[in-house]
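Listed here are the chains, written in short residue letters.
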Amino acid sequence: MGATGAAVGALFGSAWFAVSALLGTTSVNLDTWVWVAGLWGAIGGVATSGVGLLLTALDRGQTAAELSIGRTAFYGAVTGALVPLVVVAVALLATGETSAAGILQFVSIGSGLGAATGAGVAASARHAARRELGTGGDPLGSLRGG
């Protein structure tokens, strides 16, 4: 789950930087782009690893296919909010500069990405389990003559 979250976070960070560069709110600099993508990738990886830890601790005995998509999304939202909050708190301590709006922005984005990633992982696990059991159907089966 951590690798999936890191990939989603890095893609989000890259997109964020690209949009900021296109809007002219940031200068185009490869080092900064890599830093932003890496920061969001790290946040995504840690947050979704946190989801995995919560699932391990609170939903013992269930396979990935048995997990509730809603509960997994909730765990993702919680860890997705906490990790950016900690990152912003560390930045606040280090620099002494931040705003409530900036904190809210990072926490809400992290929470949304965490919820979406958690739900996506649970939905993917369910789909994979149905395909293994042969009950998921083949969406292209009618085209293949199946």
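We now turn to the structure provided with this report. As a convention, each chain's residues are numbered from 1 in the sequence order in which they are written. Reporting in this predicted model follows two pLDDT cut-offs: at least 70 for local features of residues, and 80 or more for side-chain atom pairs to be given and counted; totals over whole chains, interfaces and linings ignore these cut-offs and use all residues. Hydrogens and water molecules were not included; the side-chain quantities draw on all heavy atoms of the structure.

## What about the packing of aromatic side chains?
Our working rule: Side-chain rings of Phe, Tyr and Trp (the six-membered ring for Trp) are treated as a pair once their centres are within 6.5 Å; stacked means planes under 30 degrees apart, edge-to-face means over 60, and tilted covers the remaining angles. Runs of E in the DSSP output that reach at least two residues are strands. Runs of H or I that reach at least four are helices, and both are numbered from the N terminus. Whether a residue is buried, partly exposed or exposed follows from its accessible area with a 1.4 Å probe, protein chains only, as a fraction of its type maximum: under 20%, in between, or over 50%, in that order.
Across all of its chains, the model carries 5 aromatic pairs by this definition. Centroid distance Phe 12 to Trp 16: 5.6 Å. Interplanar angle 80°. Geometry classified as edge-to-face. Of this pair, Phe 12 and Trp 16 both sit in helix H1 (residues 2-23), 4 residues apart, roughly one helical turn. Trp 16 sits in the partly exposed class, given a relative accessible area of 23%. Look at Trp 16 and Trp 40: their rings are 5.6 Å apart centre to centre, the planes differ by 35°, and that puts the pair in the tilted class. Within this pair, whereas Trp 16 is found in helix H1, its partner Trp 40 is found in helix H2 (residues 30-58), the two being separated by 24 residues in sequence. Accessibility expressed as a relative area gives 3% for Trp 40, which makes it buried.

## Remarks on the packing of H2 against helix H3 (residues 69-95)
The condition that has to hold: As a rule, the C-alpha atoms of each element are fitted with a line to give its axis, helices using only the stretch in contact, and angles between N-to-C directions run from 0 to 180 degrees. When an angle is under 35 degrees it counts as roughly parallel; over 145 it counts as roughly antiparallel; between 65 and 115 it counts as roughly perpendicular; any other value is oblique. Rotating anticlockwise by less than a right angle from the far helix to the near helix defines a left-handed crossing, while the corresponding clockwise rotation defines a right-handed one. Here, residues are in contact when the closest pair of their heavy atoms is within 4.5 Å.
Orientation of H2 relative to H3, taken along the N-to-C sense of each, is 135°, at an axis distance of 8 Å. By the angle between their axes, H2 is oblique relative to H3. The two elements H2 and H3 cross, and the hand of that crossing is right-handed. Residues Leu 39, Ile 43, Val 46, Ala 47, Gly 50, Val 51, Leu 54, Leu 55 and Leu 58 of H2 lie in contact with H3, whose contacting residues are Thr 72, Tyr 75, Gly 76, Thr 79, Gly 80, Val 83, Pro 84 and Val 87.

## A short note on the nonpolar core
Defined as follows: Put simply, buried Ala, Val, Leu, Ile, Met, Phe, Trp, Tyr and Cys residues joined by side-chain atoms within 4.5 Å make one nonpolar core.
Judged by nonpolar contacts, Phe 17, Ala 21, Val 36, Trp 40, Ile 43, Ala 47, Val 83 and Ile 109 together constitute the single largest core of 8 residues. Looking at this core, the elements with two or more residues in it are H1 and H2. No other element matches the 4 residues that H2 contributes to this core. Apart from residues no more than four positions distant in its own chain, Val 83 is found in contact with Ile 43, Val 46 and Ala 47.

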